[in-house]
Amino acid sequence: MGHLKTAKVVMFLIAAISGLLLAARELAKAAPAARANQANSTAQTQSSLDFETYRTRIEPIFLKPREGGVRCYDCHSVMVTRLHLQRLPEGSSAWTEQQSRQNFKVVSQLVTLAEPLKSRLLLHPLSPEAGGDPTHTGGKFWKSQDDPEWRMIADWISKGFPSQQQISPALKKDTLDFDVFKSKVEPIFLKTRPSHARCYICHSQPGRPFYLEPMPPGTTNWTEEQSRRNFQSALQEVVPGDPIASRLLMHPLAPEAGGDPFHSGGRQFDSQNDPAWLVMAEWVRAGAVDPPASSKSALIYVTNSAGDTVDVIDSATNKVVQVIHGIELPHGIGFSPDGSRVYISNESGNVLDVVDRVSGNILQTVPLSGRPNNLTITKNGRRVLVGIRSEPGVVDVIDTTSLKRVKSIAVDGGVHNVYVTPDGKYAVSGSLESKAATVIDLQSDHAIWEVKFEQPVRPMAFETNSDGSTRRIFVQLSRVNGFAVVDFAKRAEVERIKFPDKTPGFGVAEGREGTPSHGIGVSPDGKSLWVNSTFANAVFAYSLPELKLIGSVELTEVHPLGRAPSGAVPEWITFTPDSKLVYVSNSGTKSVTAIDISTLKVVGLIPVGEVPKRMNTLVLH
């Protein structure tokens, strides 16, 4: 009986071992397939991320010295971490292409395509206060999601799916105009720029990624056939509709202006306002594939006060989709109710420019009684009201049917800003000189009351009662780091709100001591008030009607060589109609910051023109 039990145990063990061996054989057979699937998954991830953008714009970040002179590379090339970087060749300051591709494979595993906020590469070195991981052995060297490096990597990850490289040449050909390329873009490659070789001289050499056809001897231009081949070459270097993602524009652009770290052909463009760069940008933007109608809900218009352009931002993508040219020193901006016309006050010509929204062409100019500042439009769209800064102070009234100035309404002092109240019954003008806010009855077109302050009056915002009538006016004043609260029914100031004492000392180097706070707005849903602070280099959010501080959002900084950082110098505020996003114009950084209202997080930093100030939102129906 004992022998029988022993025999059964031995047989059981033999069967078990046989089963294990069979399973091992099956696993061995499956392993290559699993490895292949893993390799395919990795390859798919990598194929959806642009390697050239990684190598020229992302990888150099790992070699940048941080506080104390330490680089990401110094730790991540010797320590066992998820981000393991190849050792640089001895005596070299850059990786070989093969090493960069190995680094690229590693980095690709640390990102989630199209989702920067789920990507370890971005969250680990980001401050927890800005949404980053709790700790990072190498320190938190990104204090904000507004950091230019953070935004650059986020943009690369966001564009990773679908891959920009997967845009077919056929699509690019269909959306980008060959005739514009031949007549306006191609001549740029032949232009002699001071202290620079022409683009053509280098790019006509064999083996160049962007290859230009060698011109026939004795000629100074390309044949039609050669231009078409140049066009096909250029298509491989651009992303239709998106100049910032297009290597053709970013590679020769100076790093200080947002371009790639190095271009062997030199910094051909010092600024995104270079005329030649703008020509190429307009060509690329015009090739945009129309987004779905649902995403075309609102356009953010930004007047570049020290330039001659107005930038138009699509709130669905936070990209500039149009640039209106030819209006020198644009100030205020408004729209006809149907969105077909854009009205812009023009300080250089003392006129109101009437612009066709779709084409961006100036349809007509309306002479004004003096130098204009901001403008507004009545609720029925029949009249544009333009504040005239020249003394003694009037609001010009332009009939939108005849497009003629029909009258000027006298107010107290030269007008800096003018608004129509939400119910459409009144206009309110503010004056720097008289330090007054003047209320105009729009039925009689006469000033009916005013509030005097001890300081010049700057931007204003309006809160309504439940019936839509005006309840309070929030008024910014010179030399006040906060704002005044005016009770509309009482016709008097009833409260003064000061910002929290957390100002880091911005505004002095920028020469803005007299303007601690500029830019204010009430969200369309009436639930919050947003106010810029130049001194804090931030925007503060308050709940309504309580006026309780919700929080603040830090804005981008300028880092001059050898000097302390300076601020963005925020100027104006506008919103998307659904109250999901608020936009702040940064006159000191040539940019607009887009902020998620619910999370108080920066979701976009959009480059625009010279000294952007006034903004307005056009709702497309």
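A. Summary view of the overall build of the chain. The helix and strand tally for the chain stands at 12 helices and 28 strands. The proportion of buried residues among the 621 residues of the chain is 51%. Residue pairs in contact within the chain that sit at least 24 positions apart in sequence constitute 47% of those at least 6 positions apart.

B. Quick look at the sheet that holds strand S27 (residues 601-607). With antiparallel pairing, 4 strands are arranged side by side in an open sheet as S24-S25-S26-S27. The open sheet has two edge strands, strand S24 (570-575) and S27, and neither has a second partner. Looking at each pair of strands side by side, their axes are set apart by 25° on average, direction ignored. Note: strand S26 (residues 591-596) against S27, 6 bridges, orientation antiparallel. Residue pairing for S27: Thr593 is matched across the bridge by Leu605.

C. Looking closely at the packing of aromatic side chains. Tallied over the full model, the rule gives 21 aromatic pairs. Consider the rings of Tyr54 and Trp156, whose centres lie 5.8 Å apart with planes at 35°: the pair is tilted. Highlighted residues: Tyr54 in helix H2 (residues 51-58) and Trp156 in helix H6 (residues 148-158), separated in sequence by 102 residues. Judged by relative accessible area, which is 0%, Tyr54 ranks as buried. Taken together, the ring pairs in this structure connect Phe178, Phe181, Phe189, Phe210, Phe231 and Trp283 into an aromatic cluster.

D. The arrangement of the pattern of salt bridges in detail. Enumeration over the complete set of coordinates arrives at 26 salt bridges. For Asp260, the salt bridge is made with Arg57, and the minimal N-O distance between the two is 3.1 Å. In this pair, Asp260 sits in the loop between helix H11 (247-250) and helix H12 (275-285) while Arg57 sits in helix H2, placing the two residues 203 residues apart along the sequence. Of the two residues, Asp260 and Arg57, both sit in the buried class. Among the ionic pairs, Arg285 bridges to Glu282, the shortest N-O distance being 3.0 Å. Within this pair, Arg285 and its partner Glu282 are both found in helix H12, separated by 3 residues, close to a single helical turn. Judged by relative accessible area, Arg285 falls into the buried class, the value being 12%. Here Glu282 falls in the partly exposed class, since its relative accessible area comes to 26%. Here the residues in one salt-bridge network are Arg55, Glu97 and Arg101, joined through shared partners.

E. View of helix H10 (residues 224-235). Counted at 1.5 Å a residue, the expected span for H10 with its 12 residues is 16 Å, and the 17 Å between its end C-alpha atoms agrees. Among all positions of H10, only Gln226, Ser227, Asn230, Phe231, Ser233, Ala234 and Leu235 are buried.

F. Up close: the side chain of Ser434. Within the secondary structure, Ser434 is located in the loop between strand S13 (426-431) and strand S14 (436-441). Within the local environment of Ser434, its side chain forms a polar contact with the backbone oxygen of Asp412, the two atoms lying 2.6 Å apart. Not counting the four nearest positions on each side in its chain, Ser434 is found in contact with Asp412, Gly413 and Lys452.

G. Just the layout of surface pockets, in detail. By volume, the second largest pocket is sized at about 1400 Å³. If you trace the second largest pocket, you find 44 residues lining it, with Lys379, Val420, Thr574, Asn616 and Thr617 closest to the centre. Only strand S4 (330-335), strand S8 (372-377), strand S12 (415-420), strand S16 (457-464), strand S20 (520-522), S24 and strand S28 (612-619) provide two or more residues apiece to the lining of the second largest pocket. Per-element tally for the lining of the second largest pocket: the top contributor is S28, with 6 residues.

H. Here's a closer look at the pairing of strand S19 (residues 492-498). With 6 bridges joining them, strand S18 (residues 482-487) and S19 adopt antiparallel strand pairing. Within S19, the residue paired with Val486 across the bridge is Glu493. Between the end of S18 and the start of S19, which pair antiparallel, lie 4 residues, with Arg491 showing a positive phi angle near 60°.

I. Representation of the packing of helix H8 (residues 178-185) against H10. H10 packs onto H8 with a crossing angle of 100° between their chain directions and a minimal axis gap of 10 Å. The pairing of H8 with H10 is recorded here as roughly perpendicular in orientation. Touching Phe178, Phe181 and Lys182 of H8 are Glu224, Ser227, Arg228, Asn230, Phe231 and Ala234, all from H10. Of the residues belonging to the contact of H8 with H10, the class tally is 4 nonpolar, 2 polar and 3 charged.

J. Structural view of the sheet that holds strand S22 (residues 538-543). The antiparallel open sheet is built from 4 strands, whose spatial order is S20-S21-S22-S23. A single partner strand is all that each edge strand has here, and the edge strands are S20 and strand S23 (548-554). Taken pair by pair, the neighbouring strands of this sheet meet at an average axis angle of 20°, ignoring direction. Here 3 bridges tie S20 to strand S21 (residues 528-533), and the two strands are oriented antiparallel to one another.

K. View of the environment of Pro216. Within the secondary structure, Pro216 is located in the loop between helix H9 (199-203) and H10. Among the residues examined, Pro216 registers a relative accessible area of 29% and is labelled partly exposed. Placed 10 residues apart in sequence, Pro216 and Gln226 show a C-alpha to C-alpha distance of 9.9 Å.

Criteria and thresholds
- Residues numbered from 1 in each chain as written.
- Predicted model: local features only at pLDDT ≥ 70, side-chain atom pairs only at ≥ 80, totals over all residues.
- Heavy atoms only, no water.
- Helix = DSSP H or I, 4+ residues; strand = E, 2+ residues; numbered from the N terminus.
- Buried < 20%, exposed > 50% of the residue type's maximum accessible area, 1.4 Å probe, protein only.
- Contact = heavy atoms within 4.5 Å.
- Pairing = 2+ DSSP bridges.
- Axes fitted to C-alpha atoms, helices over the stretch in contact; angles between N-to-C directions.
- Phe/Tyr/Trp six-rings, centres within 6.5 Å; stacked < 30°, edge-to-face > 60°.
- Salt bridge = Lys/Arg side-chain N within 4 Å of Asp/Glu carboxyl O.
- Expected span 1.5 Å × (residues − 1).
- Polar contact = N/O pair within 3.5 Å; in protein donor to acceptor, adjacent residues only side chain to side chain.
- 1 Å grid on protein atoms, 1.4 Å probe; cavity = no way out; pocket = protein on both sides within 12 Å on 5 of 7 lines; lining within 4 Å.
- Points joined across faces, edges and corners; volume = space filled by probe spheres on them.
- Parallel < 35°, antiparallel > 145°, perpendicular 65-115°, else oblique.
- Nonpolar A, V, L, I, M, F, W, Y, C, P; charged D, E, K, R; others polar.

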